[in-house]
Amino acid sequence: KNLTFSQADTICLFMDGKKLGKWSLNSSIWSPKESSIWSDTINTHLFKSFYPFNDRCTFDSIYSSSLANQDGTLDNLKKFDLLIASKSTSYSESKGIVSFTGDDAFKHLLSLIRINIVANGEFTNATIDSIKLSSTRLFSRLIYSFDSNISSIDTSNDVNEFILSPAHNMGGISKEYYIITTPKATDAEIKLSITYSTTLVNKVE
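In this text the structure is predicted, and so the values were computed from the model without any measurement.

Chemist: Any chance you could explain the side chain of His45 here in plain terms?
Modeler: When you line up the elements, His45 lands in strand E4 (residues 44-51). A distance of 2.6 Å separates the side chain of His45 from the side chain of Asp16, its partner in a polar contact.

Structure follows, in structure tokens:
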């Protein structure tokens, strides 16, 4: 799912490993909270950035937000995303403007699960009581290092299960839920169960 930056979004920017601080998006222009300058206008420099801004993160330790408070909606999704970008350029080459676009665009570090509940059969007018996802470290904190360009999972506080309780009545209209998770191998088992109720019975799928 493609998400776009919007007004007041914030990123953290580094130049050659040095933190340049918070940049905010205002009227389609990224602006720094504090003034920052290039080290020099001759050499090539390495710029790295992550979203969303978190002042406690460092160049060697960028971590995701807690994934436990998601509500499954698309509008709420960006709060839990984690993006990184990298670009090498010189002042003369870029005319002083660092653009994370094209091959240098921001990339997702986390995974997305989309659950589409089709309003057919018993689901046509059912109420979705709960959606449960479970797998080892599926919702644990992800930690990324710009030094090593490697992601790891914080195993000190494993979160293996997530339960969403939407209490949503289908009303004949299909419904989608979006849930961000830590990355898993393609052959890793992820268990999904949906509890729903109709006027006649409660069921688990």
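Chemist: Explain the nonpolar core to me, please; I cannot follow it from the model alone.
Modeler: For soluble globular proteins, nonpolar side chains are generally found buried alongside one another. Formed by 38 residues in total, the largest nonpolar core has its most connected members in Phe50, Ile115, Ile117, Ile128, Ile131 and Phe146. Of all the secondary structure elements, the ones that give two or more residues to this core are strand E1 (10-15), strand E5 (62-63), strand E8 (111-117), strand E9 (127-134), strand E10 (142-145), strand E12 (161-164), strand E14 (175-181) and strand E15 (191-197). At 4 residues, the largest contribution of residues to this core is made by E14. If you look at the next biggest cluster of nonpolar residues, it comprises 12 residues, including Leu13, Trp38, Phe47 and Phe100.

Chemist: Which parts of the structure should I look at to understand the sheet that holds strand E3 (residues 29-32)?
Modeler: The strands that make up a sheet are held in pairs by hydrogen bonds between backbone atoms, and each pair lies either parallel or antiparallel. Strand order in the open sheet formed by 6 strands is E3-E2-E1-E4-E6-E7, and the pairing between neighbours is antiparallel. Strand pairing shows two members of the sheet lacking a second neighbour, E3 and strand E7 (107-108), which therefore form its edges. Sheet analysis places E4 next to strand E6 (residues 83-90), joined by 8 bridges and oriented antiparallel. Bridging across to E6, Phe50 finds its partner in Ile84.

Chemist: So what exactly am I meant to see when it comes to the packing of aromatic side chains here?
Modeler: For any pair of aromatic rings, the description consists of the separation of the ring centres together with the inter-plane angle of the planes. Counted according to the given criterion, the structure contains 13 aromatic pairs. Note on Phe5 and Trp30: the rings are 5.3 Å apart at their centroids and 90° apart in plane angle, and the pair reads as edge-to-face. Here the residue Phe5 occupies a position in the segment before E1, and Trp30 occupies one in strand E3, the gap between them amounting to 25 residues. With relative accessibility at 28%, the residue Trp30 sits in the partly exposed group. Measuring from ring centre to ring centre gives 5.6 Å for Tyr144 and Phe146, while their planes differ by 90°; the resulting arrangement is edge-to-face.

Chemist: Mind showing me how you'd approach unusual backbone geometry here?
Modeler: Leaving glycine out, the prevailing phi sign among residues is negative, and the prevailing peptide bond configuration is trans. With an omega dihedral of -5°, the bond running from Tyr51 to Pro52 counts as a cis peptide bond. In this structure, Pro52 sits in the loop between E4 and E5. One non-glycine residue with positive phi stands out, namely Arg137, at about 55°. Mapped onto the secondary structure, Arg137 falls in the loop between E9 and E10. A relative accessible area of 32% means that Arg137 is categorised as partly exposed.

Quick notes on the rules
Residues numbered from 1 in each chain as written. Predicted model: local features only at pLDDT ≥ 70, side-chain atom pairs only at ≥ 80, totals over all residues. Heavy atoms only, no water. Helix = DSSP H or I, 4+ residues; strand = E, 2+ residues; numbered from the N terminus. Polar contact = N/O pair within 3.5 Å; in protein donor to acceptor, adjacent residues only side chain to side chain. Core = buried A, V, L, I, M, F, W, Y, C linked by side-chain atoms within 4.5 Å. Buried < 20%, exposed > 50% of the residue type's maximum accessible area, 1.4 Å probe, protein only. Pairing = 2+ DSSP bridges. Phe/Tyr/Trp six-rings, centres within 6.5 Å; stacked < 30°, edge-to-face > 60°.

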